[in-house]
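Understanding the architecture of this molecule
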Amino acid sequence: MTSSTREISQVLPFRLVPTLPTFIAKYEASLRNSSVKTKSTIPALTIFSSDLNGLQALFPQGWVEHIHPEGNIYYHNPQIRVVTNNDPRSDGAAAIFDHVLQMIWGKLPPDAKPERFEAFINLPNGSRFAPERVVEYYVVDYDHRSIFWIEDVDILTSLAGSGSSVEPFESIRHLRSALEPEFWVHVEYYPCHQSTYDHSAERELTDVLHHGCVDDMTAPGSVCPYSADECLQYLKLLKGFHEDDKWTESYRRSWIARLWASFSRSRHINRHGLPYPRVDRLQGLDSYLMQHTRRSVAMALGEALCLGMSKTTFAKLTELWNGRIVYQRHWQPFLDRQRSEWRWVAFGGLYLLIINVIQSVCGSEIILVVSSASFTCSAIVISALMLQAHSAEALKTASDISLYISATESFYHGLRPLSIMFTLPKALLGYGILISGGNVVHQCATLLQDEPTQLLSISSAATLPLFASLTAYLAYGPKAI
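The paragraphs below set out a description of the structure included in this document. The structure displayed is predicted, hence computed values, not measured ones.

1. What to know about the pairing of strand β1 (residues 15-18)
Of the two faces of β1, only one is covered, namely that formed by Leu-16 and Pro-18; the face formed by Arg-15 and Val-17 stays uncovered. Taken together, the four bridges between β1 and strand β6 (residues 134-141) define a ladder with parallel strand orientation. Bridge assignment links Pro-18 to a residue of β6, and that residue is Tyr-137.

2. A short note on unusual backbone geometry
Across residues other than glycine, the phi torsion is negative in most instances, and most of the peptide bonds are trans. Positive phi, normally seen in glycine, also occurs at Tyr-276, with a value near 60°. The backbone of Leu-307 sits at a positive phi, close to 60°, despite the residue not being glycine.

3. Section: the pattern of salt bridges
Enumeration over the complete set of coordinates arrives at 18 salt bridges. Here Glu-70 ties to Arg-258 by a salt bridge, and the two come within 2.8 Å at their closest N and O atoms. Of this pair, Glu-70 sits in the loop between β2 (64-67) and β3 (73-77) while Arg-258 sits in helix α7 (residues 249-269); the two residues are 188 residues apart in sequence, bridging distant segments of the chain. Owing to a relative accessible area of 42%, Glu-70 belongs among the partly exposed residues under this scheme. Assessed through its relative accessible area of 40%, Arg-258 is described here as partly exposed. In this structure, the salt-bridge partner of Arg-271 is Glu-170, at a minimum N-O distance of 2.6 Å. Separated by 101 residues along the polypeptide, Arg-271 in the loop between α7 and α8 (285-291) and Glu-170 in the loop between α3 (155-158) and α4 (172-189) bring together distant segments of the chain. A relative accessible area of 49% means that Glu-170 is categorised as partly exposed. Shared partners join several salt bridges into a network, and the residues in it are Lys-26, Glu-70, Glu-188 and Arg-258.

4. Considerations on the packing of aromatic side chains
Considering all chains together, one arrives at 17 aromatic pairs under this definition. Ring geometry for Tyr-226 versus Phe-263: centroids 5.5 Å apart, planes at 65°, classification edge-to-face. One end of the pair, Tyr-226, is in the loop between α5 (199-218) and α6 (228-240); the other, Phe-263, is in helix α7, with 37 residues separating them in the sequence. Under the relative-accessibility criterion, Tyr-226 is labelled buried at 14%. Judged by relative accessible area, Phe-263 falls into the buried class, the value being 4%. Site record: aromatic cluster; members linked through ring pairs are Tyr-74, Phe-120, Tyr-138, Tyr-189 and Tyr-190. Between the NZ or CZ atom of Arg-81 and the centre of the ring of Trp-105, over which it lies, the distance is 4.3 Å.

5. Details of the state of the cysteines
When the sulfur atoms of two cysteines share a covalent bond, that bond is a disulfide. A full pass over the atoms with the stated rule returns zero disulfides. The thiol of Cys-224 is unpaired, and the distance to the nearest cysteine sulfur, on Cys-231, comes to 4.0 Å.

6. Details of the packing of α5 against α7
Put simply, α5 and α7 touch, their axes get as near as 11 Å, and they point 55° apart. Between α5 and α7, the interaxial angle falls into the category oblique. The crossing of α5 and α7 is left-handed. On α7, the residues that touch Ala-201, Glu-202, Glu-204, Leu-205, Val-208 and Leu-209 of α5 are Arg-252, Ile-256, Leu-259, Trp-260, Phe-263 and Arg-267.

7. Topic: the side chain of Asn-77
Note on placement: Asn-77 falls in strand β3. The exposure class of Asn-77 is buried, given its relative accessible area of 2%. At 3.4 Å, the side chain of Asn-77 forms a polar contact with the backbone nitrogen of Ile-80. Other than its neighbours up to four places away in sequence, Asn-77 contacts Gln-61, Gly-62, Trp-63 and Val-82.

8. Side note on the environment of Thr-423
Relative to the elements of secondary structure, Thr-423 occurs in helix α14 (residues 416-450). Taking the C-alpha atoms as reference points, Thr-423 and Trp-342, separated by 81 residues in sequence, lie 8.9 Å from one another. Once residues lying within four places of it in the same chain are set aside, the contact partners of Thr-423 are Cys-306, Met-309, Ser-310 and Thr-313.

9. Examining a nonpolar patch on the surface
A cluster of nonpolar residues, Trp-344, Phe-347 and Leu-350, forms a patch on the protein surface that exposes about 390 Å² of accessible area. Here Trp-344 is to be found in helix α11 (residues 328-361). When its relative accessible area of 62% is taken as the criterion, Trp-344 is described as exposed.

What counts and what doesn't
- Position numbers for residues start from 1 in each chain and track the written sequence from start to end.
- Confidence filtering applies because this is a predicted model: local features only for residues at pLDDT of at least 70, side-chain atom pairs given and counted only at 80 or more, and all residues used for totals across whole chains, interfaces and linings.
- The side-chain values count all of the structure's non-hydrogen atoms but skip hydrogen atoms and water molecules.
- Working definition: with a 1.4 Å probe on protein chains only, accessible area under 20% of the residue-type maximum means buried, over 50% means exposed, and in between means partly exposed.
- A run of H or I in DSSP becomes a helix once it reaches four residues, and a run of E becomes a strand once it reaches two; helices and strands are each numbered from the N terminus.
- The rule for pairing is simple: two strands pair if DSSP sees at least two bridges between them.
- We define a salt bridge as a side-chain nitrogen of Lys or Arg found within 4 Å of a carboxyl oxygen belonging to Asp or Glu.
- Ring pairs shown here join Phe, Tyr and Trp side chains whose ring centres sit within 6.5 Å, with only the six-membered ring taken for Trp; geometry is labelled stacked below 30 degrees between planes, edge-to-face above 60, and tilted in between.
- A ring is scored as having a charge over it whenever the NZ atom of a lysine or the CZ atom of an arginine sits within 6 Å of its centre and within 35 degrees of its normal.
- By definition, disulfides here are pairs of cysteine sulfur atoms that lie within 2.5 Å.
- Convention adopted: a line fitted to C-alpha atoms gives each axis, helices being fitted over their contacting stretch, and angles between N-to-C directions are expressed from 0 to 180 degrees.
- An angle below 35 degrees is treated as roughly parallel, one above 145 as roughly antiparallel, one from 65 to 115 as roughly perpendicular, and anything else as oblique.
- The sense of a crossing depends on the near helix, which, turned anticlockwise from the far helix by less than a right angle, makes the crossing left-handed and, turned clockwise, makes it right-handed.
- Contacts are assigned to residue pairs with any non-hydrogen atoms lying within 4.5 Å of each other.
- Each polar contact in these results corresponds to two N or O atoms within 3.5 Å; when the atoms are within protein, one needs to be able to donate a hydrogen and the other to accept it, and residues that are neighboring in sequence are counted only if both atoms are side-chain atoms.
- Only residues whose relative accessible area exceeds 30% and that form no salt bridge enter a patch; like-charged residues are grouped when within 9 Å of one another, and nonpolar side chains (Val, Leu, Ile, Met, Phe, Trp, Tyr) when within 5 Å.
- Note on areas: Shrake-Rupley with a 1.4 Å probe; residue coverage comes only from the protein chains shown.

This is how it looks when you write it as structure tokens:
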């Protein structure tokens, strides 16, 4: 038995496990650096070649190392059509890949063209030494912009995870719509080794961006994931990459694939090309609102506590979340307004606390002063908590907003609880102002009974400047047209 045969026999217990490109922890990979021996002397005549590592000859036959535009390394073997993040020079890795690929390519139909497919294989850390050793994989179909597996895959048990667009499907077309974003994620993660550049994908993306730009400018309910300004910026960048240059193809292919992944994911959510598509982001809003306005004592009390202001916020939140897709160009202005309101509530609360102190010094009813100060302090605290939970950094991207809204959404009441929390600081401050104002009225009534002349003097001092200001504005201010 040869050493190669012995190596392959050792990998027979491996079990193929389906995975998705979005499950690859590219941006969550550990930064831990294994112990590496360093040198302190630069050799004489150190003249670098195109092989910067000087180790290409050490790779097993057919294997090539590629550096992604973002800096990570991956490996490709065009002879056996495989891509992996695992170094094929590690012990037994090449034999594992050969054995797994025999299993994969052996399952393809006889009439299938092998050159149109590419396998991704990943050996999870420790999988070669664990009691149950597994190999994660999927197969890429470049002709149809999709991925597939060689055995039946249970979506609910094998492919359930955060960020996956693959869900139970109603037709083959619906399944393909879900798998296309995964294909583009693969192209984005591994863009350096394709032999030919997909010019048709670039031309189609240009048309999609042009259409999205016009759609956003002419339709308030546009379902394009990007605003008109963003589409124009992408078109400008795309035009700068139009010249054919093999050295920039990996950069161009990577970011074009990222845009395509975003567009295809949006299309899947909106049922593009399927029965009953969503062609306007406001489509079905009335039924969505009615679905989450069920009778509830808890919700009614919360809305009453907020003086009814939460109803308007709930309607706006539901409009923004309609279709369960986040359009940043609409969400960010809304969140900015909410942050501004919470800041003004906090500043107004501080001002009201100063008034409460003055009222206390002037001998106002201590119960009213304490009650007003309590509501005011509550408004300041809740505003600070809301600002922290909804900071621009925490909700910076569409994914951040989508994950947050999904986590806070109630199954029965939708975003009604969140709308109550959004307006609670204003309501608390309003209660503080009402109690403080009532305290002022009580003081004035008492003063009117005891010293009516002094009350008249105070009222004149308070109203005359206001009357003079309004008179000046009417006399010298802008005239109504």
